[in-house]
Amino acid sequence: MESPDARNAVQLDGFKPRPPLSAGNAKVAHGGFDGPAYDNCSGYGSRVASLGSDALSAYETLDPPPHYDFYGKTEVFGRQKRFRPSLFQLHNDPKDSSPPIYEETNTEQITGEDSSEEDEGEQKEPPPEPTRFGWIHGVMIRCMLNIWGVILYLRLPWITAQAGIGLTWVIILLSSCITGITGLSTSAIATNGKVKKGGTYFLISRSLGPELGGSIGLIFAFANAVAVAMHTVGFAETVTDLMYEHGAVMVDRINDIRIIGIITVTCLLGISLAGMSWESKAQIVFFFLIILSFASYIVGTIIPASPEKQAKGFFSYKADIFATNFVPGWRGPEGSFFGMFSIFFPSATGILAGANISGDLRNPAVAIPRGTLMAIFWTTISYLIISATIGSCVVRDASGLLNDTLLPTTLSEDCVGLACQHGWDFTECIANKTCPYGLSNYYQSIGLVSAFAPLITAGIFGATLSSALACLVSAPKVFECLCKDKLYPFIGIFGKGYGKNEEPLRGYLLTYVIAACFILIAELNTIAPIISNFFLCSYTLINFSCFHASITNSPGWRPSFRFYNKWLSLLCAVICVVLMFLLTWWAALIAFGVVFLLLGYTLYKKPEVNWGSSVQASSYNRALSQCAVLNHVEDHVKNYRPQCLVLTGPPSSRPALVDLISCLTKDLSLMICGNVVTAGPPPSVVQEASSESHVTWLNKRKVSSFYRGVVAAELRTGANMLLQGAGLGRIKPNVLLMGFKMNFSSDTPQAAHDYIAILHDAFDLRYGVCLLRMKEGLDVSQSSQSHVNPGFVGGPEAIHTISSPSHFQTTNTSFVPIEADPQRSSVFQKKQGKKTIDVYWLSDDGGLTLLLPYLLTRRKRWARCKVRIFVGGDADTKEEQKQEVIALIKKFRLGFHDVEVLPDIYQSPQPESVHQFEKTLDRFRLHTNPKQDCDSGTASQQEDSWRITEQDLERNRAKSLRQIRLNEVLKDYSREAALIVITMPVGMKGVCPNTLYLAWLDYLSRDLRPPVLLVRGNQENVLTFYCQ
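Okay, so let's go over this structure.

Scoring rules and cut-offs
Residues numbered from 1 in each chain as written. Predicted model: local features only at pLDDT ≥ 70, side-chain atom pairs only at ≥ 80, totals over all residues. Heavy atoms only, no water. Helix = DSSP H or I, 4+ residues; strand = E, 2+ residues; numbered from the N terminus. Buried < 20%, exposed > 50% of the residue type's maximum accessible area, 1.4 Å probe, protein only. Contact = heavy atoms within 4.5 Å. Areas by Shrake-Rupley, 256 points an atom, 1.4 Å probe, with all protein chains shown as cover. Pairing = 2+ DSSP bridges. Axes fitted to C-alpha atoms, helices over the stretch in contact; angles between N-to-C directions. Polar contact = N/O pair within 3.5 Å; in protein donor to acceptor, adjacent residues only side chain to side chain. Salt bridge = Lys/Arg side-chain N within 4 Å of Asp/Glu carboxyl O. Disulfide = S-S within 2.5 Å. Patch = residues over 30% accessible without salt bridge, like charges linked within 9 Å, V, L, I, M, F, W, Y side chains within 5 Å. Expected span 1.5 Å × (residues − 1). Arc of directions from axis to C-beta. Parallel < 35°, antiparallel > 145°, perpendicular 65-115°, else oblique. Left-handed = near helix turned anticlockwise from the far one by under 90°. Nonpolar A, V, L, I, M, F, W, Y, C, P; charged D, E, K, R; others polar. Lys, Arg positive; Asp, Glu negative; His and termini not counted. Charge placed at Lys NZ, Arg CZ, Asp CG, Glu CD. Phe/Tyr/Trp six-rings, centres within 6.5 Å; stacked < 30°, edge-to-face > 60°.

All right, on to the overall build of the protein then. Within the protein one finds 35 helices and 10 strands. In the protein, buried positions account for 54% of the 1028 residues. Partitioning the contacts of the protein with sequence separation of at least 6, the portion at a separation of at least 24 is 81%. Total accessible area on the protein is roughly 46300 Å²; 58% of this is exposed by carbon and sulfur atoms.

The next thing to look at is the sheet that holds strand 1 (residues 644-647). Reading across the sheet, the 10 strands line up as 3-2-1-4-5-10-9-6-7-8 and stay open at both edges, with mixed pairing between neighbours. Looking at which strands have only one partner, the edges of the open sheet turn out to be strand 3 (706-711) and strand 8 (898-902). Across the sheet, the mean angle from the axis of one strand to that of its neighbour is 20 degrees, orientation sign disregarded. In the sheet, strand 5 (residues 768-773) pairs with strand 10 (residues 1012-1016) via five bridges, with the strands oriented antiparallel. The residue of strand 10 that forms the bridge with valine 769 is arginine 1016. In the packing of helix 30 (residues 878-892) onto the sheet, the strands contacted are strand 7 (866-872) and strand 8, and the crossing angle to strand 8 comes to about 140 degrees. Against the sheet, helix 34 (residues 957-973) touches strand 6 (836-840), strand 7, strand 8 and strand 9 (979-983), its axis set at about 160 degrees to strand 6.

In this structure, histidine 636 sits in the loop between helix 23 (614-630) and strand 1. Note: C-alpha distance between histidine 636 and asparagine 1021 (385 residues apart in sequence) is 9.7 Å. Of the polar contacts made by the side chain of histidine 636, one reaches the backbone nitrogen of lysine 638; its length is 3.0 Å.

Scanning the model with the defined rule gives 21 salt bridges in all. Across the pair arginine 868 and aspartate 838 runs a salt bridge, and its minimum N-O distance is 2.7 Å. Placement of arginine 868 in strand 7 and of aspartate 838 in strand 6 is noted, with a sequence separation of 30 residues between them. You can call aspartate 838 buried: its relative accessible area is 0%.

In a disulfide, the sulfur atoms of two cysteines are held together by a covalent bond. Using the criterion set out here, one finds two disulfides in the structure. Sequence-ordered numbering of the disulfide-bonded cysteines in the protein gives the connectivity 1-2, 3-4.

Moving on, we get to the environment of serine 569. Positionally, serine 569 belongs in helix 21 (residues 566-583). Distance in space between the C-alpha atoms of serine 569 and cysteine 546 is 6.7 Å, their sequence separation being 23 residues. Excluding residues that lie within four positions of it along the chain, serine 569 makes contacts with Ile181, Ser185, Asn543, Cys546 and Phe547. Within the structure, serine 569 has its side chain in polar contact with the side chain of serine 185 (distance 2.9 Å).

Below, the discussion takes up the side chain of aspartate 952. Relative to the elements of secondary structure, aspartate 952 occurs in helix 33 (residues 950-955). For aspartate 952, the side chain forms a polar contact with the side chain of arginine 955, separated by 2.7 Å.

This next bit is on a nonpolar patch on the surface. Taken together, Ile298, Ile302, Tyr317, Met374, Phe377, Trp378, Ile381 and Ile385 make up a surface patch of nonpolar side chains, about 730 Å² in accessible area. Of all the elements in the fold, those that place two or more residues in the nonpolar patch are helix 11 (276-302) and helix 15 (364-393). The leading source of residues in the nonpolar patch is helix 15, at five residues. Among the residues examined, isoleucine 298 registers a relative accessible area of 36% and is labelled partly exposed.

Once that is clear, we can look at unusual backbone geometry. If you check the backbone angles, aspartate 667 has positive phi at about 60 degrees while not being a glycine. Relative to the elements of secondary structure, aspartate 667 occurs in the loop between helix 24 (655-665) and strand 2 (671-677). Relative accessible area serves as the criterion here: at 71%, aspartate 667 is assigned to the exposed category. One non-glycine residue, glutamine 1019, lies in positive phi territory at about 70 degrees. Locating glutamine 1019 in the fold gives a position in the segment after strand 10.

The end-to-end C-alpha separation of helix 30 is 21 Å, in line with the 21 Å expected for 15 residues at 1.5 Å each. Within helix 30, burial applies to Val885, Ile886, Ile889 and Phe892. Buried positions in helix 30, seen along its axis, are confined to an arc of 115 degrees and lie on one side of it. Across from the buried face of helix 30, at angles greater than 90 degrees, the exposed residues are Glu884 and Lys890. Buried-residue contacts for helix 30 involve helix 29 (848-857), strand 7 and strand 8. Looking at the residues trailing helix 30, positive phi occurs at arginine 893, about 60 degrees.

Count 3.6 residues to each turn of an α-helix, and residues three or four apart come out pointing the same way. Between the first and last C-alpha of helix 28 (residues 749-764) there are 23 Å, a value that for 16 residues agrees with the 22 Å anticipated at 1.5 Å per step. Phi turns positive one or two residues past the end of helix 28, at arginine 766, with a value near 65 degrees.

Moving on to the packing of helix 31 (residues 911-921) against helix 35 (residues 994-1004). Helix packing for two helices is described by the angle between their axes and how far apart those axes are. The contact between helix 31 and helix 35 brings their axes to 10 Å, and the two run at 140 degrees. In terms of orientation, helix 31 and helix 35 fall into the oblique class. Once helix 31 is placed against helix 35, the crossing between them reads as right-handed. Of helix 35, the residues touching helix 31 (which contributes Ser913, Gln916, Phe917 and Leu921) are Leu996, Ala999, Trp1000 and Tyr1003. For the contact of helix 31 with helix 35, the per-class residue count stands at six nonpolar, two polar and no charged.

Glancing now at a positive patch on the surface. A surface patch of like charges, here positive, comprises Lys606, Lys666, Lys702 and Arg861. With respect to the helices and strands, the residue lysine 666 is situated in the loop between helix 24 and strand 2.

So, about the packing of aromatic side chains. A complete count under the given rule lists 32 aromatic pairs for this structure. With a centroid separation of 5.2 Å and 80 degrees between ring planes, the pair formed by phenylalanine 344 and tyrosine 383 is classed as edge-to-face. Placement of the pair is phenylalanine 344 in helix 14 (residues 337-344) and tyrosine 383 in helix 15, with a sequence separation of 39 residues. For the ring pair tryptophan 557 and tyrosine 564, a centre distance of 6.0 Å and an interplane angle of 85 degrees mean the geometry is edge-to-face. We classify tyrosine 564 as partly exposed; its relative accessible area is 21%.

Next up, the structure:
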C-alpha cells in the first residue's frame, strides 16, 4: 500500500471536473479528482452509462486527466483505485455492441472491487506499515559499515607493509574506481523505474533478463553467505588474540577461531530473525563504535610513543619510516600486487549492501545513488588516511622486548633495521624471521597505535559484526526474490516470507548453514580470495547491464540519474573480468562455469517472464538492422529459400499443415500462419484475429512461425491482404500454402470459385503455390469450439467465403473465456521411417517441386526416407530420358538417384474414371435452354462465372483426361509412400473455369492414402548448378 499524499494526480485546474449534481452518486476520492466518471470509468455500460446528461458538463467527460493510478500497480489505502478508460469505451457506443473479451475481463475485475456497498461506510484499519529506511540510515551507513570490515583493522596494516604505501594507495584507488563506476551503473539502473525487493539480482535480472540475472543472483547470494564467514572469522581472530594475550586457550588457535565463529554467527542469526528494526538498531551501535575507534587511532598517532610501544615498532610520525614503508616489501607466497589486491578487494565490496535491501528503503531511486556514492567516497578517504598514517609510524619488524634497546657498545654496522636509528636493535629477530610485532607480523597494529586500545578492539568488533550482519541480511533477501521468480527448480521453498516485512526466515537458515561451513576453514586469507571473484563477477554484470541498456537506445531506458557513461561502464566490466583471472584464475573459471551452466539451463527452460529487459531491446535492434541490410542485397537463386505464407486459419485447427511446413522452414526460412476472420461482431473479430493465444499455441508446439490475422468481409479479400501485406522488406513470403478444399462438391459453387481465385491471385503476385491434401482431412476444430474462423468451417479442410457483411454471425462470444488450444498430434510429428517420398516432376516449374522434398530429407523425421523421382516420357527413349534426368539432378547436387520414366501417363484413362469425373462436374455445368432468350442466357452466364460450358469442357478435354490418368498412375505406384509431391497443373484464366480447375486438382489427388502435396513454382529458377 502507498501513501495517498505521495500519489496525487497531475492537477489540470482548467479542466478539473466538477462533482455531479446527484449527491447519491458522488464519492469523494482522497488526493485526486471527484466524481464517479473517474472512479469507475472502466465499468462500461453500468456506472458511466447511468450518468444522465445533466450530470456531465462540458468538461465532465469519460476522458479523464492524467493520474498516478493509471500507471501504478499498487493501491492507495483510503480510496478506491482509479482506472483509465479503454479505447473501446472512448470510441464505441455501448448501445451498438458489447465489449470484447479482454474488456469484459477488465470490467469484472473493476466491478469486483466496488461490489461491496455495505463496506463503504466502514473505515478499515490501515495495514501495518513495514520498516522503511532513508538514504543515510538505509544505504550510506549500511554500506560504510560493510566496507569498514575485517580487512580495515586486521589486514590493511599488513597489506601496507607488503605493498608499501604507494602501491597500497594504488590498490585502494583501483578498488574504489571499480566500485565507484559500479556505483554509478547501479545508480543508473536503480533510477530507471521503481525498484522492489531483490537488490542486485532485481537490478540485473530486470535489466539483462532472467538468463544472466538468475545466474548472477545465485552467485551473489552465495558470495554474501561466504562473506558472512569471512567477517565472522575476522571477529573470531581478534577474540582469540585477546584470549592468548591473557593466557586463555580452549583447544588451539584454529579450533578456538572455529568455536568462537560458530557461536558468533548463531547470535547474529538471532538478531536477523528478530527483524529489520532490531538489525538496524544494532548497525547504529556498531557505526558509533567504529567512529570512536577511528578517533582513538588518529589521536594515538599524534601522542609520543611509550617504550612499550616502541619495543613493538611504533615510533610516531617519522619521515624515514614513511620513506622506507613507501616502497614494497614483499614476503611469503602471497607477496605480490595481485595477491594483496585479492585480499583487500573484498573490503570494497560492501557498496551493494544498501541496494540489497531495496525492498526496505523508503525511496530506493533516491537512496541507492546518494547513499552508495557517499559511502564509497568517505570509506576511500578513510582507507587512504589509515594506510598513510600507519605506514609513517610503525616499522615492519619489531621484537616487542624492552631489553632490545640499542646499546652504546653496539656498532651501527651490526644493527639491522630501521629501528636502529631510533635507539632499538631488532637484529636478532629480523635475522631469524621471528619478529612477532611490526606491520609485517602483527595484525593488531592499529590497536597498538591507538590512544586507547580497547576502543580499537570495540571498533574491530563493530566492523566485523556489522559487516557479517549486513551480509547475513543481504543474502536471504536476494535469494528470496530469486526463489519467487521460479527460475530454477527445488529452491521455491526458500521464497516464503513471514511477518509484515515478509522476512525470508528459511533463507536466513540456509545462509547460516553456508556461513558455518566456511567458518570451519578458520583462515581469513583463504576465504577472502574465494569471494573476490564472485563479487567481481557481479560487478561485471552490473556494469554490462548499464552499458547494454544504454547501447540499445531503448525508449524505456530513462534513468533519472544522469552521471554515468556507458563506455566507462563497459571498461569497468572488462577490467573486472581481467582482474578475476589475474587474482585467481581457477576461481574465475569456476565462477564463469557456474554462470554459463545456469545460463544454459535458463535458455533451455525459457521461463515465462517478461521484464522488458535490454536483451529484448537488443534483439529488436539487431533484427531491424539486419532487415534493413537485406534491402541492399539483391536476390540470387543460390540464396533462394521457400518463405511460406500458410493459410491455416487458427493454427490449432490445422496442426498437420503447420507441422509439415514447419519441417520445411524451421531454422531455414520464413513461415507465417495467416488467419482470415470473416464472421462475428466487430469487436470480437478483431480480438480473434489478433489473439495472442495463437502465438502461444505455436510457441508451445515449438514451431518457428509468425502469426498474422486479418479481418475481411470475405476470404478472398483477406487472403489478398495477406499476400500483399505480409512480411517485412525482403523477408516476405514467396510461396502460398493452403489446405485442399475437399468438400467443394457439396459447398456452394461460389465458394469453390473464390477458392481457386485465391490461387490465381497468388500466381498474379508471382507466388509459388502449394496445396496439402490428406485423406482424413486437415481441419480438427470442433463445431462447438468458440472463436473458430467461420471462413474455414464447413467440413474437413473446407474453406468457404462469406460473400457479404450481411452474413456475419451475431452470436455474442465476448463472455466466453479463451482457453488454451489443445496440442493435437499429427502424422508429420512422427518419424517416417524407411518409406519413400514420391516426387512426380511432370512439369518444370523452376525446381520448387524438387527443392521441397530435399529440404524435408534434411530433417531427422524424414532423413531415412528415400526420394523417388517420376517423370513422363516415351517408351522408345525411356532409358535415354532417365539418364538425362539423372544427369540434371546430379548437377543440382540434391542426392536423388532413383529416377523412373513413366510412359503410361500419356495413355487414355479408364472409362469408369472418366464417367466419375464427369459426374463430379454435373452440378457446375451450364445446361442451356433453347426456349430461353439469348440475351437473358448471356446475362445469366456472366453472373455465374463459375459455370462450366460445353465449350469449356471441349477446349480443356486433353488436360482433363491427363489428370484422370495421373490419378490412376498415383494409385499404382505410390500406395505406400510417406508423402506424394506432384507438380500442380495450372488452369489458364479465361480459358479454364475455376470450378473445372478445382475438379482437376480434386480428381488428381482423390482416394490416395498418403498425404499429397501439390506444388507449383512461379516458373523462375530456384535451383542452379552454377557457382555464381
